[in-house]
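# Structural characterization, general
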Amino acid sequence: MKKPKVLFPSVEAGLGHIMPMRAIADEFEKLYGDKVDVVRMRFYADSEDKSLHTFEETMARETKTYTKSSVKGFFATFSMNFWGPRLDSFGIMKLLNPKSYKAGVARMKEIDADLVVSTHWATNYYAMHVKPDRPLTAMYCPDVRINPLFQYPCDLCMGAMEPGIRLALKRHPLRFNENNLKCVDFPIRNSAFDIPEDKRENRRFLGFDENKFTVVLAEGGYGIGKMEAICTELIARDLPITLVPVCGKNEELYEKFKAMKTGEKIDFRPQGLLGDEIFRLFGAADVMLGKTGASAAAEPCFFGLPMIITSYTHDIEKFIGEYYINVVGNAIKIFNPVDAADKVEEFFRNPELLQPYIAAAKAVHNRYGARKACEEIYKLLLTRFPGLNE
């Protein structure tokens, strides 16, 4: 029997979508690679169609815009909630971007996958519009709540946060039920499990002083936020700490940081775009500061890190932040850069204050890994290919 083709298409619209996709694809291939044909691709970037390139660039640009202006971000999520999943996606795809919509559906049809696994709503939308024989569709929503664009029809929808799953089942009983909406663990990449628990060991590996209080700042893949203001404030105080801002794709900020002059006590270690290497930083840190993208909040929590949330881009990030503040309990919210620096200094001088946040993060450590998501996806595949287990 020909192996079913399972497509994992990645989309450049923030690392919160890309990283869970990598984790799920890696684990799925590890578990079922002998039974299925796993296909990974950058859905837009690997295409030769210019309209698809333009659409992806537009999504990336809008993500940056919302980070720079939370007013625009909150208005965008308000509009998304107002119009709902069908009208909102119809407007984005068919009204505003008809060329890329047609190209996306045609590309999906040409790939001819039996199952499409998405961590971004757009690829699911294309797959659902393939005719006459559409593929099975599974979608993982990386956010705390199943936001409207992820409420668009699919055969299987998944999320990792129980409050969001319960809310979706309560508010949308005609769309979701216990068969098509599943709560899974957060799909962190497998390399996270290889990082030692000993902070001093991780600091030595990175070339840091193993005894220095270590602070990591990250504002998502685009490196846009309050990182510069907070770093400037902490550098001015010249505390005997290791300060590590992760600039992501913001090369301008990275170069500016590298040229900064610092005092004798502080060890300033700016970083550019990191892949799995960021896990070693989390394993070395005492506290993390940044915005609450899906992965940006979940990954530090895996390493038992207290988090100071420094901004919300829109409602989606606000709900994520409130989850880690009120449900998990490892985070606090401080939007003013000077106040955030004050809190870092307070934690540095009184590290015992971090212990309740560390304990809260460690309490959810067993809710990570892509295996559960992969098992649900495979169950879906079996509904069309029941002979796979024979």
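Look a little higher up for the structure.
Computed from a predicted model, the values in this text were never measured in an experiment. (Residues numbered from 1 in each chain as written. Predicted model: local features only at pLDDT ≥ 70, side-chain atom pairs only at ≥ 80, totals over all residues. Heavy atoms only, no water.)

### Quick notes on the overall build of the protein
For the protein, the count of helices and strands is 15 helices and twelve strands. The C-alpha radius of gyration computed for the protein amounts to 21 Å, which stays within 12% of the reference 21 Å derived for 390 residues, consistent with globular compactness. A principal-axis box enclosing the C-alpha atoms of the protein has dimensions of 65 × 45 × 40 Å. When the 390 residues of the protein are sorted by exposure, 56% land in the buried category. For the protein, the share of sequence-separated contacts (at least 6 apart) that also reach a separation of at least 24 residues comes to 69%. Looking at the protein as shown, the accessible area adds up to about 17600 Å², and 51% of this sits on carbon and sulfur atoms. Here the protein contributes 53 positively and 52 negatively charged side chains, and the mean placements of these two sets differ by 4 Å. (Helix = DSSP H or I, 4+ residues; strand = E, 2+ residues; numbered from the N terminus. Rg over C-alpha atoms; globule rule 2.2 N^0.38 Å. Buried < 20%, exposed > 50% of the residue type's maximum accessible area, 1.4 Å probe, protein only. Contact = heavy atoms within 4.5 Å. Areas by Shrake-Rupley, 256 points an atom, 1.4 Å probe, with all protein chains shown as cover. Lys, Arg positive; Asp, Glu negative; His and termini not counted. Charge placed at Lys NZ, Arg CZ, Asp CG, Glu CD.)

### As for the pairing of strand β1 (residues 5-10)
Most of β1 sits out of view: five of its six residues are buried. Judged from the six bridges that link them, β1 and strand β2 (residues 37-42) form a sheet pairing that is parallel. Bridged to Pro9 within β2 is Met41. (Pairing = 2+ DSSP bridges.)

### Comments concerning the sheet that holds strand β4 (residues 136-140)
Pairing is parallel across the open sheet formed by six strands, whose spatial order is β2-β1-β3-β4-β5-β6. Each edge of the open sheet carries a strand with a single partner, namely β2 and β6 (181-183). The mean angle between the axes of side-by-side strands here comes to 20 degrees, regardless of whether they run parallel or antiparallel. Here four bridges tie strand β3 (residues 115-118) to β4, and the two strands are oriented parallel to one another. Each bridged residue has a counterpart across the sheet, and for Val117 the counterpart in β4 is Ala138. Docked against the sheet, helix α6 (residues 162-171) engages β5 (156-159) and β6, running at close to 160 degrees with respect to β6. (Axes fitted to C-alpha atoms, helices over the stretch in contact; angles between N-to-C directions.)

### Points about α6
Residues of α6 that are buried include every one of Gly164, Ile165 and Ala168, and no others. Projected onto a plane normal to the axis of α6, the buried residues spread over an arc of 100 degrees and lie on a single side. Exposed and oriented more than 90 degrees from the buried face of α6 are Arg166 and Lys170. The inward-facing, buried residues of α6 contact β5 and β6. (Arc of directions from axis to C-beta.)

### Re the side chain of Asp88
With respect to the helices, strands and loops of the structure, Asp88 is situated in helix α3 (residues 70-95). Lacking a salt bridge, the buried Asp88 has Arg86 as its closest oppositely charged neighbour, with an N-O distance of 13 Å. (Salt bridge = Lys/Arg side-chain N within 4 Å of Asp/Glu carboxyl O.)

### Re helix α8 (residues 227-237)
Looking at α8, one finds that the buried residues are Met227, Ile230, Cys231, Leu234 and Ile235. All buried residues of α8 project into a common sector of 130 degrees when viewed along the axis, lining one side.

### A look at the environment of Phe55
Tracing the sequence through the fold places Phe55 in helix α2 (residues 50-68). Residue classification places Phe55 among the buried residues on the basis of a relative accessible area of 3%. Taking the C-alpha atoms as reference, Phe55 lies 34 Å from Ile308; in sequence the two are 253 residues apart. Setting aside residues up to four positions removed in sequence, Phe55 forms contacts with Tyr44, Ile92, Met93, Asn97, Ser100, Ala122 and Tyr126.

### Notes on the pattern of salt bridges
Working definition: two side chains of opposite charge can pair if their charged atoms are close together. Taken as a whole and judged by the stated rule, the model has 25 salt bridges. Here Asp286 and Arg203 are joined by a salt bridge, their closest N and O atoms 2.7 Å apart. Here Arg203 lies in helix α7 (residues 199-206) and Asp286 lies in the loop between α10 (278-284) and β10 (287-290), a separation of 83 residues in the sequence. Here the two residues Asp286 and Arg203 agree in accessibility, since each one is buried. Overlapping salt bridges, with partners in common, bring together Glu162, Arg166, Asp185, Arg367 and Lys372 in one network.

### Description of the environment of Asn177
Tracing the backbone shows Asn177 in the loop between α6 and β6. The spatial distance from the C-alpha of Asn177 to the C-alpha of Thr313 is 30 Å, given a sequence separation of 136 residues. At 2.7 Å, the side chain of Asn177 and the backbone nitrogen of Asn179 are in polar contact. (Polar contact = N/O pair within 3.5 Å; in protein donor to acceptor, adjacent residues only side chain to side chain.)

Don't take any of this as a statement about function, it's just geometry.
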